[in-house]
Amino acid sequence: MEWMHWFARPAHIVAPELVGMSLEVDGTGGLIVEVEAYERDDPASHSFRGRTTRNSVMFGPPARAYVYRSYGLHWCFNIVCEEGSAVLLRALEPRSGVATMRIRRRGISDRLLCAGPGRLAEALAIDADLNGVALFDAPFSLRPAIGRVDIVSGPRIGIKKAPDVPWRFGAANSIFLSRPF
């Protein structure tokens with residue numbers, strides 16, 4: 001699959017198609033089970049007010065990691081889509097490198113290892129060093145979903161602007177979601 005062109009589309013179109021794909025970072029990862037989309041004209045998006053030093057990756061080529069610190073505490077991992085838009089990865093179902101994730105997450109239950117953007121980034125050792133790295137380059141590995149995935153959607157979580165936009169997508173009935181739909 002040619003990832004650069006595949007991601008060069010609106011984030012709200014790409015986002016549900018990511019659910020069920022397999023993501024690994026240096027051998028740790030699993031199935032993507034929850035994401036949120038953010039568009040350039042979306043008041044909840046980091047790109048809404050234009051390009052800054054912090055969000056400049058969102059204005060570059062698609063299929064790159066956009067990594068930022070949330071509330072000064074947690075790293076959040078997004079995948080850049082068309083200019084100014086990105087998909088936030090909210091949760092994974094752990095499948096590979098689980099022992100390493102357990103160490104990184106200090107023994108938290110497997111169900112919660114990657115349930116939430118901050119937990120996901122910590123479990124996969126994603127930080128500012130990966131900001132701007134292409135998803136088709138090491139340490140990333142992204143593979144298409146195998147089989148059909150039932151997708152549910154609803155409002156995004158933890159935002160004050162445009163909170164009712166239904167651009168949160170997840171695998172129906174997954175126990176690994178950050179929050180039920």
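Note that the coordinates shown come from a computational prediction; the quantities given were computed from them, not determined experimentally.

Rules and cut-offs
Residues numbered from 1 in each chain as written. Predicted model: local features only at pLDDT ≥ 70, side-chain atom pairs only at ≥ 80, totals over all residues. Heavy atoms only, no water. Salt bridge = Lys/Arg side-chain N within 4 Å of Asp/Glu carboxyl O. Buried < 20%, exposed > 50% of the residue type's maximum accessible area, 1.4 Å probe, protein only. Phe/Tyr/Trp six-rings, centres within 6.5 Å; stacked < 30°, edge-to-face > 60°. Helix = DSSP H or I, 4+ residues; strand = E, 2+ residues; numbered from the N terminus. Lys NZ or Arg CZ within 6 Å of the ring centre and 35° of its normal.

Trainee: Where do I start with the pattern of salt bridges in this structure?
Mentor: Pairing is possible between side chains that carry opposite charge, provided their charged atoms lie close to one another. For the coordinates displayed, the defined rule picks out ten salt bridges. Of the charged contacts in the structure, one is a salt bridge between Glu-93 and Arg-95, with a shortest N-O distance of 3.1 Å. Where Asp-110 meets Arg-102, a salt bridge forms, and the shortest distance between an N and an O atom there is 2.6 Å. Asp-110 sits in the partly exposed class, given a relative accessible area of 31%. On the basis of relative accessible area, Arg-102 is assigned to the partly exposed category, the value being 36%.

Trainee: Sorry if this is basic, but what is going on with the packing of aromatic side chains here?
Mentor: The geometry of an aromatic ring pair comes down to the distance between the two centres and the angle between the two planes. In the structure shown here, the tally under the stated rule is three aromatic pairs. Each ring, one from Tyr-66 and one from Tyr-68, has its centre 5.3 Å from the other, and the planes form 35°; the classification is tilted. Ring geometry for Phe-77 against Phe-140: centres 5.6 Å apart, planes inclined by 10°, an arrangement best described as stacked. Separated by 63 residues along the polypeptide, Phe-77 in strand β4 (residues 74-80) and Phe-140 in strand β6 (residues 140-143) bring together distant segments of the chain. For the pair Phe-77 and Phe-140, a shared accessibility class is recorded, and that class is buried. The ring of Trp-6 carries Arg-9 above its face, with NZ or CZ at 4.7 Å from the centroid. Note that Arg-168 overlies the ring of Phe-181, its terminal NZ or CZ placed 3.8 Å from the centroid.

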